Structure formats: C-alpha cells, structure tokens
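Residue-level structural notes
These are the residues of each chain, in order.
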Amino acid sequence: MQLFYQTHSPYARKILVLIDELGLREKTLVTHYETSPTNRNNQVFELNPLGKVPILVHAGVTLYDSAVISRYLMDRFSADSDCSLPNFQDLQHEALATGIADAGILARWEIERRPLDKRYQPFLDGQLLKLTESYDYLEKISSEGHSVARSLGNIALATALEWVEFVKLPSFRLGRPSLSNWLDRVTDSESFRTTPYSGNTSDSA
Ligand SMILES: N[C@@H](CCC(=O)N[C@@H](CS)C(=O)NCC(=O)O)C(=O)O
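Everything numeric in this text was worked out from a predicted model, so none of it was measured. (Residues numbered from 1 in each chain as written. Predicted model: local features only at pLDDT ≥ 70, side-chain atom pairs only at ≥ 80, totals over all residues.)

Before going further, it helps to examine the nonpolar core. One finds Ile-15, Leu-18 and Ala-160 to be the most contacted residues of the largest nonpolar core, which totals 43 residues. The set of elements that each furnish at least two residues to this core consists of strand 1 (2-5), helix 1 (10-21), strand 3 (55-58), helix 3 (66-77), helix 4 (88-113), helix 5 (121-143), helix 6 (152-166) and helix 7 (177-186). Residue contributions to this core reach at least three from each of two domains, namely domain 1 (2-82) and domain 2 (88-192). Apart from the residues lying within four places of it in its own chain, the contact partners of Ile-15 are Leu-3, Pro-54, Leu-56, Ser-66, Ile-69 and Ser-70. (Core = buried A, V, L, I, M, F, W, Y, C linked by C-beta atoms within 7 Å. Buried ≥ 20, exposed ≤ 12 C-beta atoms within 10 Å, placed from the backbone. Helix = DSSP H or I, 4+ residues; strand = E, 2+ residues; numbered from the N terminus. Domains from an automatic or database assignment. Contact = placed C-beta atoms within 7 Å.)

Structure, rendered in structure tokens:
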C-alpha cells in the first residue's frame, strides 16, 4: 500500500493515523509530496486531477480524497482491528473535521499566503467564524461526554484540531476546557505520537 502524504496536511494525517490504528503501518510506504495551487506537483496530478494529497494506491486501485480513502480502509480492514465501522455521527464528524481544515486553509491564505494587497478581511473573518462555531459545538458535545474512542470521526476531528494548533490559527483551547481535555485524551496514543506534523506549505517552486 502506498500513501502519497504531506507532513503538514490535516487530511493526509487523518489517513496515516487511521492506517496505524488499523495495524497497516508496516505495510504502507508513506511518501511526502509538496503541493499547492500555486506550486504544481506533476507526480500528484498524474494520480489525482485535482493535484491534491492524500492519495492511496492499493491492490491496483488509486483513490483520492481523504473521505473516500478512509471509507475504503474501514470497509476493507476494520474487521481485523479495534476500529468499528463508521456510523452517521462518525461521518458527520469527519465532514466537520474536513470543514475545519478547509476553513483553516482559506483563513491562512488571507493571513499569510496571499500577497498583502490581495487579502480580504471580511472573507478571513467569515472563515474564522466557521472555526469558532465548530469549536463551540465540539466544546458542547465534549462537556456532554462525547466518546474518546479512536473512531474515524474522532481521528478526523483530533487531527484537524492538532493541525489548527500546528499552524497557529486562533486556538480553541481558551475557554473550552472540555474540548481541550477531550483532545488530549484522544491523542494520547502511539498513532498520534508517531505522526507529528512538520514542515511548511510551499506556494512557490
Ligand atoms: N478534500 C480533500 C482535500 C485535500 C487537500 O486539500 N490537500 C491539500 C494538502 S493539505 C493539497 O494537496 N493542496 C494542494 C492544492 O490545493 O492544490 C481531501 O480530503 O483529501
């Protein structure tokens, strides 16, 4: 199995943590590919017309978009692991995690990636609002006892929240003790400890 990865991608890390939780890490070749809409990577475009990672190649099949890859891995391999097949709440939480990463990436364009004269504050404010609304929802469900199992939904949320911290977007921790505690408990495992984020996005060759 080959995973086209990126060491600073929340979508890719979700897949790598999942691979680890499914006991597939030793069977997986993980290779870093730098990508950006302004820094084309031909090897990535050969496998995904959107030019994005993660991409999984397995048994003659090439899959992209982390939501498709996660479903594929769960369908094929979860029976032999402690991970149960995702229910609708898991899928919803995976979508929420994707939305947090999407909003975070768009916010980062406005904060540091776009040239200064092209940045648009109302758009940045709108993306940051999506983040704070999501954090508030997650604080609420955490305070109501949301599980800390390493399910697909929780792996997706935890890798997205750790990414928010990694890229230094406004923190979710202040005033959200239940969410902070939930995240620290979910990430207290080998699969998270051995897959830390590193590196920086490169927008030019
Ligand atoms: N919806 C996709 C998003 C993947 C994505 O945006 N990956 C980023 C890395 S964090 C990427 O490859 N960006 C390159 C680009 O947008 O051209 C997924 O879940 O796999």
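Turning next to the sheet that holds strand 3. Judged by pairing direction, the sheet is mixed, and its 4 strands sit side by side in the order 2-1-3-4 without closing on themselves. The open sheet has two edge strands with one neighbour each: strand 2 (29-32) and strand 4 (61-64). If you compare each strand with its neighbour and ignore which way they point, the axes differ by 15 degrees on average. The pairing of strand 3 with strand 4 spans 4 bridges and is classified as antiparallel. Paired with Ile-55 across the bridge in strand 4 is Tyr-64. This element, helix 1, spans strand 1, strand 2 and strand 3 of the sheet and lies at about 150 degrees to strand 1. (Pairing = 2+ DSSP bridges. Axes fitted to C-alpha atoms, helices over the stretch in contact; angles between N-to-C directions.)

A few words on the domain arrangement of the chain. The domain architecture assigned to the chain consists of domain 1 (2-82) and domain 2 (88-192). Here domain 1 and domain 2 have C-alpha centroids that lie 20 Å from each other. In this complex, domain 1 contributes 11 residues to the contact, which on the side of domain 2 involves 13 residues. The set of elements that each furnish at least two residues to the side of domain 1 that touches domain 2 consists of helix 1 and helix 3. The element contributing the most residues to the side of domain 1 that touches domain 2 is helix 1, with 8 residues. Counted by class, the side of domain 1 that touches domain 2 contains 6 nonpolar, 1 polar and 4 charged residues. (Nonpolar A, V, L, I, M, F, W, Y, C, P; charged D, E, K, R; others polar.)

Looking now at the packing of helix 5 against helix 7. Two numbers describe how helix 5 lies on helix 7: the axes approach to 7 Å, and their chain directions differ by 75 degrees. Of the possible angle classes, the one that applies to helix 5 and helix 7 is roughly perpendicular. Residues Tyr-135, Leu-138, Glu-139, Ser-142 and Ser-143 of helix 5 touch helix 7, and the partners they reach there are Ser-178, Leu-179 and Trp-182. For the contact of helix 5 with helix 7, the per-class residue count stands at 4 nonpolar, 3 polar and 1 charged. (Parallel < 35°, antiparallel > 145°, perpendicular 65-115°, else oblique.)

The next subject is the environment of Trp-163. Locating Trp-163 in the fold gives a position in helix 6. With 22 C-beta atoms packed within 10 Å, Trp-163 lands in the buried category. As for Trp-163 and Ser-9, which are separated by 154 residues in sequence, their C-alpha atoms are 7.7 Å apart. When near neighbours in sequence (up to four residues on either side) are disregarded, Trp-163 contacts Pro-10, Ala-101, Gly-104 and Tyr-197.

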